[in-house]
Amino acid sequence: MASKPALRILILSDGLPGHANQSRGLVNWLASRYDIEYQLVDIKLRAKGLSRIVLPWLLHHTNNSGLVTQLYRYSDISLAQPNLIISAGGNTSFLNVALARHLNIPNIFLGSKRRLHSDDFSAHLTLEPTKQAHNIVMKIPPSLTDTNVLAEQGTQLRKTLNCKANDKIYLLALGGDGAGYRYDKTACEQIAQLVKTISEEEKCKWLLTTSRRTGKEIEQTLQSLLDPDLLLDAVWWSEKPRKVMNAFIGGADRLFVSIDSMSMISEAIASGKPTTLLQPNAATPDLRYQQALEKYCDAHYCSIHPLNQSTLQLFTPISNPVLSAREDLLDQLAPILATIDASPVKG
């Protein structure tokens, strides 16, 4: 059997889990067609405010990639003969371009291009079109979600919690202010009422996790409003953080996720489980974010529930969208990756 082409990938990470997970998720998708070796390079942009103005000019008007790299702090590159760069998150975008030019290798970027252009990258992956060359529109962003791993961790969690096979368990996963959405006491009251109503109607119990962005004040408000008897397990991030999303998603029958985090939404959708996005009253998302959410809903990947609506219709997805999304994206990337010298590293 013929060996797969070899990709040696530098992943640039700004330290934000959602961004790193998208890049690593793409690497996982690529692994279905390529032999993969990668290095995660932690980066930090110096003087962010000034650099975000200066760096686009430097990249578009000079050939001085070295000067661009000097405006970053990043870990040593140890990967032998890298032949592809991948990153997500605006702060990585300028270094992505500079290193690709310096090493003369293709580069892929996921997310908003800031003051750059889509054709600064070999492929610029977005959820909505930029109407520029080299832009590829994804059906859903790549994620690290593995349904087999979810099932294993979920089964173990249900055993640990002494749940029966037919017990209904729902997940409430909350982020915080961001992407044009804001959570206040009213939103907390509406979430608590929603949990109470669904619990009564569905005879279910809940897994709950907040996140780093939720904040102590919102967490304390929710704790005062929610009936603790309805919670099988709860992670209040400001008190005692635990990384439980895989196990909680795997153990739950339905997922209720706050609408403010695209990475969290993507993880939920990728599980193939019924996913409802909770939208607070204070909602002013930018157009691109709103359009991405509408595309998900139109494709029946998830539904949106405004918290100020008293009635909720439980949502059921038509299918797991991950496989078709992966193959569609890889097909579009194939011509770009075909230009890479994908032979093994020469000694």
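Check the entry above for the structure.
Residues numbered from 1 in each chain as written. Predicted model: local features only at pLDDT ≥ 70, side-chain atom pairs only at ≥ 80, totals over all residues. Heavy atoms only, no water.

Peer 1: Give a detailed account of the sheet that holds strand β15 (residues 303-306), specifying residues and quantitative values.
Peer 2: With parallel pairing, the six strands of this open sheet are ordered in space as β11-β10-β8-β12-β13-β15. Edge strands, defined here as strands with exactly one partner in the open sheet, are β11 (231-235) and β15. Between one strand and the next, the sheet's axes are offset by a mean angle of 20°, whatever the strand orientation. Where strand β8 (residues 168-173) meets strand β12 (residues 254-258), four bridges bridge the pair, whose relative direction is parallel. Bridge pairing in β12 places L171 opposite L255. The sheet strands contacting helix α9 (residues 262-270) are β8, β12 and β13 (275-279), and the helix crosses β12 at an angle near 170°. (Pairing = 2+ DSSP bridges. Helix = DSSP H or I, 4+ residues; strand = E, 2+ residues; numbered from the N terminus. Axes fitted to C-alpha atoms, helices over the stretch in contact; angles between N-to-C directions. Contact = heavy atoms within 4.5 Å.)

Peer 1: Explain a positive patch on the surface residue by residue, including any values.
Peer 2: On the surface, K44, R46, K48 and R73 cluster together into a positively charged patch. By secondary structure assignment, the location of R46 is in the loop between β2 (35-45) and α2 (48-61). (Patch = residues over 30% accessible without salt bridge, like charges linked within 9 Å, V, L, I, M, F, W, Y side chains within 5 Å. Areas by Shrake-Rupley, 256 points an atom, 1.4 Å probe, with all protein chains shown as cover. Salt bridge = Lys/Arg side-chain N within 4 Å of Asp/Glu carboxyl O. Lys, Arg positive; Asp, Glu negative; His and termini not counted. Charge placed at Lys NZ, Arg CZ, Asp CG, Glu CD.)

Peer 1: A description of the environment of Q220 should follow, citing residues and the corresponding values.
Peer 2: Summarising the element assignment, Q220 is placed in helix α7 (residues 216-225). Classification of Q220 as partly exposed rests on a relative accessible area of 43%. With 68 residues separating them in the primary sequence, Q220 and E152 have C-alpha atoms 32 Å apart. (Buried < 20%, exposed > 50% of the residue type's maximum accessible area, 1.4 Å probe, protein only.)

Peer 1: How would you summarise α2 if you had to cite specific residues and measurements?
Peer 2: Between its first and last C-alpha atoms α2 spans 20 Å; for 14 residues at 1.5 Å apiece the expected length is 20 Å, and the two agree. Elements that come into contact with the buried residues of α2 comprise β2, α3 (65-70), β3 (72-74) and α4 (90-103). (Expected span 1.5 Å × (residues − 1).)

Peer 1: Before we move on, can you summarise the packing of helix α1 (residues 17-30) against helix α11 (residues 322-337) with the specific residues and values?
Peer 2: It is the contact of α1 with α11, at a shortest axis distance of 10 Å, that shows an interaxial angle of 80°. In terms of orientation, α1 lies roughly perpendicular with respect to α11. Residues L26, W29 and L30 of α1 form the contact with α11, whose participating residues are V322, A325, R326, L329, L330, L333 and L337. (Parallel < 35°, antiparallel > 145°, perpendicular 65-115°, else oblique.)

Peer 1: Outline helix α5 (residues 147-160), supporting the account with residue identities and numerical values.
Peer 2: For α5, built from 14 residues, the straight-helix expectation of 20 Å at 1.5 Å per residue is met to within 8% by its first-to-last C-alpha distance of 20 Å. Listing the buried residues of α5 in full gives L150, G154, L157 and R158. When α5 is viewed along its axis, its buried side chains cluster within an angular range of 95° and face the same direction. Across from the buried face of α5, at angles greater than 90 degrees, the exposed residues are N148, E152, K159 and T160. Remark: N162 follows α5 within two positions and exhibits a positive phi of approximately 60°. (Arc of directions from axis to C-beta.)

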